[in-house]
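# Breakdown of the fold
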Amino acid sequence: MKNNAKKILIYTRYILPLIALIVTLIMFFVPTHRFRAEGEWGEKVSAFNLMSNSWDMSRVILFGNGENTGADLLFSRTLFSLIIVFAVLFVFSAAVSAWSLFTAMTYFLSDDRENAERIKRIFNVFFPNRIVLCICSAVGIAAGLMPYVVNYLYTTVYSDDSFMMVLEAPDSLIVGGALVVASIVLSAVCAPLERGFDADIFKKKEITTAEDELDDVFDEDSYTATNAAQNEKIRRLFADKEKDEKDSSKKDE
């Protein structure tokens, strides 16, 4: 594989997670699901419409003044909480994907190596390896689970086996999930390529300073020990010389 093709592959690896989330968001607005309630099939709905309707219904039940059953409260409370969680996860993944793309492009293309290294170090504090980055970039796809969650909650909480969901076209979970899987595979493929170009944003700084300092300590200890031995020899030499001079003076007397 030529170097230009390798570089394009590496760039694609960091662009693809963000593309996956954008495509997932677009697919939210595509009607792909049909629900059957009370024996009748409704119109096809998108994940966004389902989420919007569920949000409005949950707010009315939880914060309205009407009387509701325990099943209504449980269903609405769970759905309301999950919508918030899905939205937060999606925004989080989008932010992580954008940050990783910015860090990678800066590290690959910037002429200011000191600034690029600083940006990389900050990024590595939160994302020390590819596994963590892939997980954080992928959790936003969980928002595509919304239609399946509604189907499961309704049939479980209300014990209504007649309620049914049918998938009539590839939805946001399938399309976005496929792109996420592709980005994870591409991340594994590009890892050795990034190392080959010395463009690995997860490369750990070689710890040579401590070893060098340790060697220096040993050298200093050896030097000190050698000097101490030499000093001891000189001290003994002078001590012996002084002793000989004293013995000579006594003999003269």
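Please refer to the structure placed before this passage.
To start, this report covers the structure provided alongside it. Treat the numbers as computed from the prediction; the structure is a model and nothing was measured.

## Concerning the overall build of the protein
- Assigned secondary structure in the protein consists of 8 helices and 3 strands.
- The linear arrangement of helices and strands in the protein, starting from the amino end, is α-β-β-α-α-α-α-α-β-α-α.
- Evaluated residue by residue, the protein yields a buried proportion of 31% over its 253 residues.
- Contacts spanning at least 24 positions in sequence make up 73% of the contacts within the protein whose residues lie at least 6 apart.
- Carbon and sulfur atoms provide 61% of the accessible area of the protein, an area that totals close to 15,900 Å².

## Description of the side chain of Thr24
- Along the chain, Thr24 turns up in helix 1 (residues 3-27).
- Residue Thr24 is classed as buried on the basis of its relative accessible area of 0%.

## Some details on the nonpolar core
- Ranked by size, the top nonpolar core spans 23 residues in total, and within it Leu79, Phe86, Met146 and Leu153 carry the most contacts.
- Of all the elements in the fold, those that place two or more residues in this core are helix 1, helix 2 (47-63), helix 3 (70-109) and helix 6 (146-157).
- Excluding anything up to four places from it in sequence, Phe86 contacts Ala142, Ala143, Leu145, Met146 and Val149.

## A word on helix 6
- With 12 residues, helix 6 should reach 16 Å at 1.5 Å per residue; the first-to-last C-alpha distance of 16 Å fits that figure.
- Inspection of helix 6 places Met146, Pro147, Val149, Val150, Asn151, Leu153 and Val157 among the buried residues, and these make up the whole buried set.
- Each element contacted by the buried residues of helix 6 is listed here: strand 1 (33-37), helix 2, helix 3 and strand 3 (164-167).
- Of the residues flanking the end of helix 6, it is Ser159, one or two places downstream, whose phi is positive at about 50°.

## Let's talk about the side chain of Asp72
- Mapping Asp72 onto the fold places it in helix 3.
- In this structure Asp72 is buried but unpaired, with Arg77 as the nearest side chain of opposite charge at 11 Å.
- In this view, Asp72 contacts Ile61 and Tyr158; residues no more than four positions away in its chain are not counted.

## Some words on the environment of Tyr152
- Inspection of the secondary structure assignment puts Tyr152 in helix 6.
- On the basis of relative accessible area, Tyr152 is assigned to the exposed category, the value being 55%.

## Regarding the sheet that holds strand 3
- If you trace the 3 strands from one edge of the open sheet to the other, you get 2-1-3, paired in antiparallel fashion. Bordering the open sheet on either side are strand 2 (40-41) and strand 3, each of which pairs with just one other strand.

## Overview of the packing of aromatic side chains
- What the rule picks out here adds up to 16 aromatic pairs.
- Between Tyr11 and Phe108 the ring centres are 6.1 Å apart and the planes differ by 40°, which places this aromatic pair in the tilted class. Of the two residues, Tyr11 is situated in helix 1 and Phe108 in helix 3; the sequence distance between them amounts to 97 residues.
- Assessed through its relative accessible area of 26%, Tyr11 is described here as partly exposed.
- According to the relative accessible area criterion, Phe108 is buried, its value standing at 17%.
- Taken together, a centroid distance of 4.5 Å and an interplanar angle of 15° make the contact between Trp55 and Phe80 stacked. Of this pair, Trp55 sits in helix 2 while Phe80 sits in helix 3, placing them 25 residues apart in sequence.

## Observations regarding unusual backbone geometry
- Its identity as a non-glycine residue notwithstanding, Asp198 has a phi of 55°, on the positive side.
- Relative to the assigned elements, Asp198 resides in the loop between helix 7 (172-196) and helix 8 (209-252).

## Brief notes about the pairing of strand 1
- Pairing of strand 1 with strand 3, which is carried by 4 bridges, proceeds in the antiparallel orientation. Looking at the pairing, Arg34 lines up with Val166 of strand 3.
- Relative to strand 2, strand 1 runs antiparallel, the two being bridged by 2 bridges. Across the sheet, the residue bridging to Arg36 is Trp41, located in strand 2.
- Counting the residues between successive antiparallel strands, the hairpin from strand 1 to strand 2 contains 2 residues, one of them, Glu38, with a positive phi of roughly 55°.

## As for the pattern of salt bridges
- For the structure shown, the criterion picks out 5 salt bridges.
- With a shortest N-O distance of 2.7 Å, Glu168 and Arg34 are connected by a salt bridge. Of this pair, Glu168 sits in the loop between strand 3 and helix 7 while Arg34 sits in strand 1, placing them 134 residues apart in sequence.
- Classification of Glu168 by relative accessible area gives partly exposed; the value is 40%.
- The shortest N-O distance in the salt bridge between Arg130 and Asp200 comes to 2.9 Å. Of this pair, Arg130 sits in helix 5 (residues 130-138) while Asp200 sits in the loop between helix 7 and helix 8; the two residues are 70 residues apart in sequence, bridging distant segments of the chain.
- Residue Arg130 is classed as buried on the basis of its relative accessible area of 14%.
- Salt bridges sharing partners connect three or more residues here, namely Arg130, Glu194, Arg195 and Asp200.

The rules we used
- Residues numbered from 1 in each chain as written.
- Predicted model: local features only at pLDDT ≥ 70, side-chain atom pairs only at ≥ 80, totals over all residues.
- Heavy atoms only, no water.
- Helix = DSSP H or I, 4+ residues; strand = E, 2+ residues; numbered from the N terminus.
- Buried < 20%, exposed > 50% of the residue type's maximum accessible area, 1.4 Å probe, protein only.
- Contact = heavy atoms within 4.5 Å.
- Areas by Shrake-Rupley, 256 points an atom, 1.4 Å probe, with all protein chains shown as cover.
- Core = buried A, V, L, I, M, F, W, Y, C linked by side-chain atoms within 4.5 Å.
- Expected span 1.5 Å × (residues − 1).
- Lys, Arg positive; Asp, Glu negative; His and termini not counted.
- Salt bridge = Lys/Arg side-chain N within 4 Å of Asp/Glu carboxyl O.
- Pairing = 2+ DSSP bridges.
- Phe/Tyr/Trp six-rings, centres within 6.5 Å; stacked < 30°, edge-to-face > 60°.

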